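The lines below spell out each chain.
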Amino acid sequence: MARKLVCICNLVLESEIEEVLEKGADTTQQIQDHTRAGTSCGRCLMEIDVLVEEHKKKKPESHQSRLEFGFE
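This section reports on the structure supplied with the text. Please read these numbers as outputs of a predicted model, since none were measured by experiment. (Residues numbered from 1 in each chain as written. Predicted model: local features only at pLDDT ≥ 70, side-chain atom pairs only at ≥ 80, totals over all residues. Heavy atoms only, no water.)

One can describe the packing of helix 2 (residues 28–35) onto helix 3 (residues 45–58) by two numbers: an axis separation of 9 Å at closest approach and a directional angle of 110°. With respect to helix 3, the axis of helix 2 lies roughly perpendicular. The element helix 2 and its partner helix 3 pack so that their crossing is right-handed. Counting all contacts with helix 2, which are made through Thr28, Ile31 and Gln32, the residues of helix 3 involved are Leu45, Ile48, Asp49 and Val52. (Axes fitted to C-alpha atoms, helices over the stretch in contact; angles between N-to-C directions. Helix = DSSP H or I, 4+ residues; strand = E, 2+ residues; numbered from the N terminus. Parallel < 35°, antiparallel > 145°, perpendicular 65-115°, else oblique. Left-handed = near helix turned anticlockwise from the far one by under 90°. Contact = heavy atoms within 4.5 Å.)

This is the structure we're talking about:
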(Lines give C-alpha, C1' and ligand atoms only; values in the text may rest on other atoms or scores of the structure.)
Protein backbone atom coordinates (compact mmCIF):
# COMPACT_ATOMS: atom_id res chain seq x y z
CA MET A 1 0.00 0.00 0.00
CA ALA A 2 1.29 3.42 -0.92
CA ARG A 3 1.96 5.73 1.98
CA LYS A 4 0.18 8.85 0.75
CA LEU A 5 0.61 11.92 2.94
CA VAL A 6 -2.73 13.74 3.22
CA CYS A 7 -1.86 16.36 5.84
CA ILE A 8 1.61 17.78 5.28
CA CYS A 9 1.50 20.07 8.33
CA ASN A 10 0.79 17.27 10.81
CA LEU A 11 2.29 14.38 8.82
CA VAL A 12 -0.93 12.35 8.66
CA LEU A 13 -1.04 9.50 6.17
CA GLU A 14 -4.14 8.42 4.26
CA SER A 15 -3.83 5.01 5.94
CA GLU A 16 -4.09 6.67 9.38
CA ILE A 17 -7.30 8.43 8.33
CA GLU A 18 -8.71 5.20 6.93
CA GLU A 19 -7.90 3.43 10.19
CA VAL A 20 -9.85 6.02 12.19
CA LEU A 21 -12.74 5.72 9.74
CA GLU A 22 -12.74 1.94 10.18
CA LYS A 23 -12.92 2.41 13.95
CA GLY A 24 -16.09 4.47 13.64
CA ALA A 25 -15.31 8.08 12.76
CA ASP A 26 -17.79 9.46 10.23
CA THR A 27 -17.07 13.18 10.05
CA THR A 28 -14.12 15.34 9.12
CA GLN A 29 -14.23 16.85 12.61
CA GLN A 30 -13.77 13.41 14.16
CA ILE A 31 -10.81 12.77 11.85
CA GLN A 32 -9.32 16.09 12.98
CA ASP A 33 -9.89 15.24 16.65
CA HIS A 34 -8.15 11.88 16.40
CA THR A 35 -5.34 12.58 13.91
CA ARG A 36 -4.88 16.39 13.91
CA ALA A 37 -5.15 16.24 10.09
CA GLY A 38 -6.53 19.50 8.77
CA THR A 39 -6.06 21.43 12.01
CA SER A 40 -3.18 23.66 10.89
CA CYS A 41 -3.39 25.30 7.46
CA GLY A 42 -6.56 23.47 6.34
CA ARG A 43 -5.40 22.77 2.78
CA CYS A 44 -6.16 19.07 3.17
CA LEU A 45 -9.72 19.48 4.47
CA MET A 46 -11.31 18.90 1.06
CA GLU A 47 -9.35 15.67 0.65
CA ILE A 48 -10.38 14.52 4.13
CA ASP A 49 -14.01 15.32 3.27
CA VAL A 50 -13.72 13.13 0.17
CA LEU A 51 -12.20 10.24 2.16
CA VAL A 52 -15.04 10.46 4.71
CA GLU A 53 -17.73 10.51 2.02
CA GLU A 54 -16.14 7.62 0.10
CA HIS A 55 -15.96 5.59 3.29
CA LYS A 56 -19.63 6.26 4.06
CA LYS A 57 -20.63 5.03 0.61
CA LYS A 58 -18.56 1.84 0.89
CA LYS A 59 -19.38 0.69 4.39
CA PRO A 60 -22.70 0.24 6.17
CA GLU A 61 -22.85 1.94 9.55
CA SER A 62 -21.74 -0.24 12.43
CA HIS A 63 -22.81 0.87 15.88
CA GLN A 64 -20.36 -1.53 17.53
CA SER A 65 -17.30 0.07 15.90
CA ARG A 66 -18.61 3.52 16.80
CA LEU A 67 -18.45 2.48 20.44
CA GLU A 68 -14.73 1.71 20.21
CA PHE A 69 -13.95 5.41 19.90
CA GLY A 70 -16.99 6.67 21.74
CA PHE A 71 -18.38 8.48 18.69
CA GLU A 72 -21.99 9.51 18.82
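Turning next to the environment of valine 12. Along the polypeptide, valine 12 turns up in strand 2 (residues 12–13). In sequence terms valine 12 and glycine 38 are 26 residues apart; their C-alpha atoms lie 9.1 Å from each other. Filtering out sequence-adjacent residues up to four positions away, valine 12 remains in contact with Lys4, Leu5, Val6, Cys7, Ile17, Thr35 and Ala37.

Okay, the nonpolar core next. Core analysis: the biggest nonpolar cluster contains 13 residues, and Val6, Ile17, Leu21, Ile31, Ala37 and Ile48 have the highest contact counts within it. Only strand 1 (5–7), helix 1 (14–22) and helix 3 provide two or more residues apiece to this core. Ignoring any residue separated from it by four or fewer positions in sequence, one finds alanine 37 in contact with Cys7, Val12, Ile17, Gln32, Cys44 and Ile48. (Core = buried A, V, L, I, M, F, W, Y, C linked by side-chain atoms within 4.5 Å. Buried < 20%, exposed > 50% of the residue type's maximum accessible area, 1.4 Å probe, protein only.)

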